[in-house]
Structures are given as C-alpha cells and as structure tokens.
Amino acid sequence: MTILTKENLKEELRQRVRESYAVELEDASADELFFTLGSLVKAIYNDNWRETWKNYLKEEQKQSYYFSIEFLPGKMLKSNLLNLGLLDLVRDTLSDLDVDLDDLADVEKDMALGNGGLGRLASCFMDSIASSGLPGNGNGIRYDYGLFKQQFVDGHQVELPDEWLNNGNVWEIRRPSKAVNVHFAGDVYLKENENGQLKPVAENEIILRAVPYDTGMVGYQNGIVNTMRLWSVEIPASEEGKYKSIEERRVYEDLTAVLYPDDSNERGRMTRLIQEYFFVSAGVQSIVRYFQKLNKPWSALSEKVAIHINDTHPALCIPELMRILIDENDVTWEQAWDITVKVMSYTNHTILAEALEKWPVYLMKQIVPRMYQIIEEIDRRYVESMRGIHPEDLIQRTRIIQGDQVHMANLSIIGSHSTNGVAKLHSDLLKSVVLHDFYVIYPDRFNNKTNGIAQRRWSQLANEPLSNVLDESIGQTWRKDSSDLKLLMNYQNDEKVLEKLAQAKHQKKEELAEYIQETTGITVSPNAIFDVQIKRLHAYKRQLLNLMHILKLYFDLKDNPELDIHPRVFIFGAKAAPSYTYAKAIIKTINEVANMINNDASIQDKIKIVFLPNYNVSLAERIIPAADVSEQISLASKEASGTSNMKLMLNGAVTVATLDGANVEIRDAVGDENICIFGLTEEEVYAYYENHEYYSKQIYDENPVIRRVVDSFVDGTIPNIGYEGREIYDSLIRYNDEYFLLRDFDDYCRAQERIDTTYKDQALWRKISLVNIANAGRFSSDDTVRLYAEDIWQIEPIFAHTEKEGTSNVFNSF
Ligand SMILES: *Cc1c(COP(=O)(O)O)cnc(C)c1O
C-alpha cells in the first residue's frame, strides 16, 4: 500500500502539471497549480466516492435527498483536505515549493449558488451528513452565475455578474449518461387508454434536457463521500429542429443561467417557476430510476427513499412523485398518495408573510399544466377528507388553492409527513400562530430542528490560532466531537489559557485589520473592539438600529470629546437584493455615515465604521474569527433561527441580541451573564399587533436623543445622501416603524454600554468569551442532521472506514 508522503505528493503534482499544462511545477501559475492540486484531491477521494455509492446499493440503504434551490458551499479545497486528513501534509509539501496553501486556496472562486442562510445551511448539512456517515445527498441547480458580486460606487451598491465557472470547476463531474428529460407547458388533457385508465396526453410541450453535475461531499476522516447533484439545462437533440432562431433557443438555454438574487420576496417570475419544476422533476425522476434498480414493490419506496423539501421552492416534488407513480407506473391514486406523504418532509424557514411562496393559478396552468391538474386533485381530496372532521372555515383556510393562487406551504404540509421549524421559538410560533390551523389538523406532523453549523469549517479551517489553543488546553477530541468543547469550561479561571485565547483573537484581528486596510484603505486598530453585523441586508434584521446607535455615539463624542469609551470598529457585511430599494438606501447611508465619521479627526479614532463589500462565505471566514461582538438584533419573532450567531459564538464573540430565533437557545446555553440581551420579546411584539398601541411618532416627540438621530437622516448632518435619508425617516416616522426600532433603541444603547464596560474589564470579558466557545458545541450541524436522520428521514449511518483505512485506500488509486 502506498503511504502518501511529501515526496510522492510532489512527484504526483509534478507529473500532473506537466501533463495538463506542459510546464514544470516550479513554473506553474497559481491557477495551474490550484487546478492540478484540486484534480489530485478529487482523484484521491474518487475511490471512496465510488465505494460509498456501491455500498449504498449493495446494502440497499435508505437514502435521503435534500432538495434545495440554493447551496452555498464557498471554497472547497481546504475543507476537502481537512476532511481527507491531508491538510498538514499538503501545507508542508507546498511550503517546500515556496507556495503558501492559504494563498493558493484563495485562487478558488466561491461556489455561491445561494443568497444567504438558507443555502449555507444546506451546505453545512451536506458536510455534516457525509461526516456522520449518513446516506444523504443534495439535489439542486447548477447556476452559471451565482449570487452577484457587490461593489460600492460612491457608497451605492453595484451588482456585477459572478462568473464563477469562467476557469472551470475542478470539483464537478458532468454525467450526460444520467441526464433526464423534463416536460413543460403545452396542452394536457386526459384520455382513456385501452385498459380504461385515464391518462394524460400532452401536445405542444417543451422538452428540456437536465444534465447532472455531481460534486463529492467528503466526510470528515471517515472514508465516506456523498453526492451533491446539481442540474444544468440543455436542449435535447430531438428538439433541436424546433427552434427557428438562436434567440428562441436562448430562452430555454438560459433557464439555469442565474440564481434569483432575492431570498425573501418572490416576484411572480416565470423563469423561477420553471427552474423549480426543472430541478424537482429531474431529481425525482433520477431517484425513482435508482429505486427501480432495486426491484422492489412501490410500497417499499418510503423504506428506501426520503425526500426533503428545503423551504417551499421544491414543493412540486409532491405532485411530481404522484405523476410518476400514477401516470407512468399505474399506481392507484390512493396508494401513490400514501407513498408520497411517507417519502416527503418539509422545513419551513420563515414567518415573514411576504416570503410565503404562492403562484398564480394561470401561471401554473401555463408552465406546468400536469402539475396543476394533480394539485387540483390533491386539493379536492383534501377538502373532501376533512369534511365532517373539521369546521368548514378551517378547511377553507388551509386549502392549497385559494382564489387564484396556489399556496406552496400548504401543499408542502399536506403532502408530507413532517413539517419542522429551525429553532425552538420559530417552531413554537409555527404551531401557535403562523401555521396554527395546520397544527390543529396535523399536530403530529410538527417538530423542531434547531439549525446548526459545520463547526469544522467555522473553527478548524477559519481559525487556526484558536484551534491550536484548544488542542493545547483540552486535547483534540473536539475536532471530531464538538460537544467536547465543553471541556474548556474547566479553564474559566486559568490565566494562561485565557491569555492564549486573547492572543489568538488578537492575531485574527490583526489579519482582518490588514485586509481592511488593503481593500478599503481604512486604518483600524486591532486594539479596538471589533463589533460585527454580517448578514443579508433586510429591514427586519435592523442594520439601521445598529447605525442609529453609532450615530448616537458619534453625537455624544462630538458633544463630549473626552467621553470615556473603549475604541470600537463597527464592521458590516451585507448584500441587498437588487430590487430592494429600501435595503439599498440603508447601505448607501451606512457608507456615508462611515465617510463622515472615519474622516472626522475630532473624535480621535474612537469609533470607525467599515462596510466590507461582497459579503460571502470566504469573507465570513475572515471576519468571524476576528469578531469581539456579534450583533443579532432582529425584531423578536422575525429571524427564524440565524446561523451567523452560532459561527460568531464559536469564535468567542459576545452576542448582543434580542430574544429571537436561536439567540434564545444561545442564551440558554451560556446563561444571562454571558450574553447581552435587550429589546422587546416576541410576546410583546405580538401584543402590539393585537392592541395597535404603537406610535413611533410619540417616541420621537418625547425622546430628544432619538429625535436628533432620526433628524440627522434628513437635516443635512450626513453629507451626500438624498432620498435615502428621507426614505429611512419616512419608514420610522410616517409609516410607524414596522420593526419597532425606536421602541428598542434605548434598551439597545444600554446593552451597548454594558458591552463597553465589560470590555474594559478584560479579565471578565475573556472569561465570557471562553464560556461562549465552550458552549457552542451544541450548535453543530452534525447533531442537527443526526436528529433529521432519526426523527424525520429514518436513515442510518453506514459502516465507515477508520481514519487509517480511509487514507491508505485512497492511495491505491495512483
Ligand atoms: C452564515 C451565513 C449567512 C447567514 O447569516 P444570518 O446572520 O444567520 O442571516 C449568510 N451568508 C453567509 C455568507 C453566511 O456564511
């Protein structure tokens, strides 16, 4: 058996660079070296990938398929190396060649096929599912362009295309032999066949070819490699003749070109609906094709396959599986429905009304006519089955088709056996408010699965200094089992460990300060408090509340230059949906306030604002390890879970938070003394909705501090803003402050004062930071997916190779 050494690794690279690029290793460009190393890494795990798949087949393992319209893996080189146990070896080998692994890893383009939390969760799950040895796969869309690249021009957000595939994608494998056809549009009517069965006949359909691109999801040192399958559109050869011009083809060829850059409000966009059906139909067809290889009766489908609907975008999985069973395989409706409900499960990700997906009936009839017919029948039978059991008004409120709209969440709940929320508070709200009607009907279908994060990426990869301190103090077991982070609690009063943790933090702050200098020209001191709010720009997340507090501090400093506050750098990272003008107004305003404050010598650098452009996974990996303060300040009840709160906690940041989403569980984990809670509770917010007694104008009139801050948006204090300031002012005063910023402002300022005083007491601060790291283990997505596996999918871990076997096997492939 070949053991991988520096020498044979170098030799392998040398050989491959010569073969691929006709240059010597020493002369290879960074791109050439990256692609060579990437393809070598892929070759290393390919044997395990094939073996994993063969094992599933041989053991006839039940597998789960996670359908998600977004995946946000970021870069994969270092993560694959870590999971293969090759990180140190490759680092050393490259270092012999005078190449820095981190620099080389930067060559990789982020795979950014998602907007934010939803897509990132899907990718954390992919890592954890493989790392837990669970038979689970991803299913999604291979967008040619991921989420737009963000730049600031004169403080405004400018969106540039994300051409991530320009230099090719080293990780994917195109599998044309596994392509399937997807049928759209046309006229579908039912006709009796020779056996007297009603079967759909379609005329004038559009047929597209879905070609899968598979990417290996490498488990953490366990020899398991699962599959993320992303579908790309092509025109089938049989259809070539149908298109008279290139323009006509183009419409269809562009179907998988772009990710919709909107993670909450869905416009009635035709392409989006086609995209949804495209990856759903392709995915379900390929799953059924696999099942048929097993030669089992249809009744066994739910024993072999679990399909997960990640938010409602893949909800058409339900009617699509019904179609395949009844139209193509003569299963009776009753049996098909029984199977479908057992196979499907659904996660709800939001309670924001505008984000609950609905499609106009006319559009569905036009784009996916057979799907619509099946949905109508599901809806009709649903109503029929509930009559006499539940009151009519309840039935009507929970129907799938209401008026001229199809409610995708209703379809998802009715057509699946499990509906889960993503944090305790969120799941409770689903039961008590948002989906209460469904909870009355299907109480057993509701459950909670609090989100988690792939801790390996957010600690071991992103924060080596911290990881080293952990190794030295609590040993290395936390790297595999994050619950062992708890061991750090034994060092709460250990000066040496506390000092080392502080040094690790300082090192990451120095690195971030350097990056800030390079990318924005702003000089910040690593001795300042690094106060971080990184997430999509959305009114409910309240970046504006953060900005209002900064303005207050600034005015306080202008009034009293001797004000004793510890210097602070406020760091923002956020993209706004291109059509979301209010969010863009906030970006512009933050940038102008930053200009004003950063260039005002009179405040002696006590506060600085840095808005880093193009927030994505790679930028998150730079910012999070350097954060002292984590801003999680959404209006209580609006953030379903949040995951950046977990990433920041793991890296020792202290959370300033409302009792929203998973913040509640973070508070429970660390205790009130180790988190800074402020603001309205969810009950108080709902009480305001009931009693209609909130008047933001009254707070504005009665509170001079708030008045000064709010007026600054329109009175010329902030240079270079126009309608943006007016829009903000109007939202707060004229439109009665939908997200209660003025109501929470004073309490937020007090919370920030507590942060300031606590930070000045470094002994206390370090201890709080340690307690946060020590208690972050429970937010590992390894645990989350285990619960999905046990409670929802009913899948079991497979036998995993040991670490050694895993690595040695690998080298037989050379
Ligand atoms: C974790 C993450 C998110 C989610 O952030 P929230 O604060 O939970 O909304 C969004 N984008 C990226 C790039 C992330 O890494």
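Keep in mind the model is a prediction, meaning the values are calculated, not measured.

A short note on the packing of helix H1 (residues 6–21) against helix H4 (residues 87–96)
The geometry of H1 relative to H4 is characterised by a closest axis approach of 10 Å and an angle of 65° between their N-to-C directions. Between H1 and H4, the interaxial angle falls into the category roughly perpendicular. In terms of crossing hand, the pair formed by H1 and H4 is right-handed. Contacts between H1 and H4 pair Lys6, Leu9 and Lys10 from the former with Leu89, Val90, Asp92, Thr93 and Asp96 from the latter. Its residues assigned to classes, the contact of H1 with H4 comprises 3 nonpolar, 1 polar and 4 charged.

Topic: the pairing of strand S24 (residues 654–657)
Two faces, one strand: in a regular strand the side chains alternate between the faces of the sheet. Every second residue of S24 is oriented toward a common face, with Val654 and Val656 on one face and Thr655 and Ala657 on the other, all of them buried. In this sheet, S24 lies alongside strand S23 (residues 629–632) in parallel orientation, the contact comprising 4 bridges. Within the sheet, the bridge partner assigned to Ser630 lies in S24 and is Thr655. In terms of handedness, the path from S23 via helix H24 (residues 644–650) over to S24 forms a crossover that is right-handed. Two elements, S24 and strand S25 (residues 676–677), share 2 bridges in a ladder whose sense is parallel. Within S25, the position partnered with Ala657 by the bridge is Ile677. Since S24 and S25 lie parallel, the crossover through helix H25 (residues 663–670) that links them has a hand, and here it is right-handed.

A word on helix H2 (residues 30–59)
With 30 residues, H2 ought to run about 44 Å at 1.5 Å a step, and its terminal C-alpha atoms sit 43 Å apart, in line with that. At Tyr45, H2 shows its largest kink, close to 35°. Taken from the residues just after H2, Glu60 is the one with a positive phi, measuring 50°.

Re the side chain of Asn703
The topology assignment puts Asn703 in the loop between helix H27 (696–702) and helix H28 (704–711). The exposure class assigned to Asn703 is buried, which follows from its relative accessible area of 13%. Among the polar contacts made by the side chain of Asn703, one reaches the main-chain amide nitrogen of Val705 at a distance of 3.0 Å.

Considering the UniProt feature "modified residue: N6-(pyridoxal phosphate)lysine" (unreviewed entry) in the protein chain
UniProt annotation of "modified residue: N6-(pyridoxal phosphate)lysine" (unreviewed entry) refers to Lys647 when read in the numbering used here. Residue placement: Lys647 occurs in helix H24. For Lys647, the contacting residues outside a window of four places in its chain are Arg120, Ile453, Trp458 and Ile624.

Quick word on the layout of surface pockets
Taken as a whole, the largest pocket spans an internal volume of roughly 1200 Å³. Taken together, 41 residues form the lining of the largest pocket, with Lys75, Asp106, Ser618, Leu619 and Arg622 sitting closest to its centre. Elements with a minimum of two residues in the lining of the largest pocket: helix H3 (77–84), helix H5 (101–105), helix H18 (455–461), helix H19 (464–474), helix H20 (495–520) and helix H23 (617–623). The biggest single contributor to the lining of the largest pocket is H20, with 7 residues.

Quick look at the nonpolar core
Generally speaking, a soluble globular protein has its nonpolar side chains buried in company with each other. Core analysis: the biggest nonpolar cluster contains 147 residues, and Phe184 and Met364 have the highest contact counts within it. Sorting elements by how many residues they give to this core places helix H8 (residues 270–293) first, with 12 residues. Once you skip the residues sitting within four places of it in the chain, Met364 turns out to touch Leu273, Leu316, Trp359, Pro369, Tyr372, Ile375, Val406 and Met408. Judged by nonpolar contacts, the second largest core, of 71 residues, contains Leu537, Leu557, Tyr729 and Ala751.

Section: the site of the ligand
Lining the immediate environment of the ligand, one finds 14 residues, of which Lys535, Lys541, Thr643, Ser644 and Lys647 sit closest. Between the ligand and Thr643, the relevant distance is 2.7 Å, taken from an oxygen atom to a main-chain nitrogen or oxygen of the residue. Contact between the ligand and Ser644: an oxygen atom at 2.5 Å from a side-chain N or O atom of the residue. When contributions to the shell around the ligand are tallied by element, the ones reaching two or more residues are helix H6 (117–131) and H24. Split by domain, the shell around the ligand shows at least three residues from each of two domains, domain 2 (64–74 + 110–357 + 407–451 + 788–797) and domain 3 (457–679 + 746–777).

Considerations on the sheet that holds strand S16 (residues 401–402)
Spatial ordering of the open sheet is given by S15-S17-S16, a layout of 3 strands whose pairing is antiparallel. With one partner strand each, in any of the chains shown, strand S15 (358–360) and S16 form the two edges of the open sheet. Pairing geometry for S15 and strand S17 (residues 405–407), over 3 bridges, is antiparallel. Bridge pairing in S17 links Trp359 to Val406.

Some details on the sheet that holds S24
Sheet architecture is open: 6 strands sit in the order S22-S21-S20-S23-S24-S25, paired in parallel fashion. Strands with a single pairing partner mark the edges of an open sheet, and in this sheet they are strand S22 (607–611) and S25. Bridge count between strand S21 (residues 568–573) and S22: 5 bridges; the pairing is parallel. What sits directly across from Arg568, in S22, is Ile607. Each of strand S20 (529–534), S21 and S22 is contacted by H20, which is oriented at about 65° to S20, the strand it contacts most. Across the sheet, helix H22 (residues 581–598) lies against S21 and S22, angled at about 140° from S22, the strand it touches most.

Here's the deal with the environment of Gln197
The residue Gln197 is located in the loop between strand S9 (187–192) and strand S10 (198–203) in this model. On the basis of relative accessible area, Gln197 is assigned to the partly exposed category, the value being 26%. Separated by 126 residues in sequence, Gln197 and Phe71 have C-alpha atoms that sit 41 Å apart.

Some words on the packing of aromatic side chains
For the structure on display, the rule yields 23 aromatic pairs. Between the aromatic rings of Phe184 and Tyr277, the centroid separation amounts to 5.6 Å while the plane-to-plane angle is 85°, which identifies the pairing as edge-to-face. In this pair, Phe184 sits in strand S8 (residues 180–184) while Tyr277 sits in helix H8, placing the two residues 93 residues apart along the sequence. According to the relative accessible area criterion, Phe184 is buried, its value standing at 4%. Here the aromatic residues Tyr686, Tyr688, Tyr689, Tyr694 and Phe740 are joined through ring pairs into a cluster of three or more. Here Arg142 stacks its cationic end above the ring of Tyr213, 3.8 Å away from the centre of that ring. Geometry around Trp49 places Arg175 over its ring, the cationic atom sitting 5.6 Å from the centre.

Cut-offs applied
Residues numbered from 1 in each chain as written. Predicted model: local features only at pLDDT ≥ 70, side-chain atom pairs only at ≥ 80, totals over all residues. Heavy atoms only, no water. Axes fitted to C-alpha atoms, helices over the stretch in contact; angles between N-to-C directions. Helix = DSSP H or I, 4+ residues; strand = E, 2+ residues; numbered from the N terminus. Parallel < 35°, antiparallel > 145°, perpendicular 65-115°, else oblique. Left-handed = near helix turned anticlockwise from the far one by under 90°. Contact = heavy atoms within 4.5 Å. Nonpolar A, V, L, I, M, F, W, Y, C, P; charged D, E, K, R; others polar. Buried < 20%, exposed > 50% of the residue type's maximum accessible area, 1.4 Å probe, protein only. Pairing = 2+ DSSP bridges. Right-handed = clockwise from strand over helix to strand, strands pointing away. Expected span 1.5 Å × (residues − 1). Bend = angle between axes of the 7 residues up to and from the residue. Polar contact = N/O pair within 3.5 Å; in protein donor to acceptor, adjacent residues only side chain to side chain. UniProt positions renumbered as here; feature names shortened; annotations may be inferred. 1 Å grid on protein atoms, 1.4 Å probe; cavity = no way out; pocket = protein on both sides within 12 Å on 5 of 7 lines; lining within 4 Å. Points joined across faces, edges and corners; volume = space filled by probe spheres on them. Core = buried A, V, L, I, M, F, W, Y, C linked by side-chain atoms within 4.5 Å. Near = heavy atom within 4 Å. Domains from an automatic or database assignment. Phe/Tyr/Trp six-rings, centres within 6.5 Å; stacked < 30°, edge-to-face > 60°. Lys NZ or Arg CZ within 6 Å of the ring centre and 35° of its normal.

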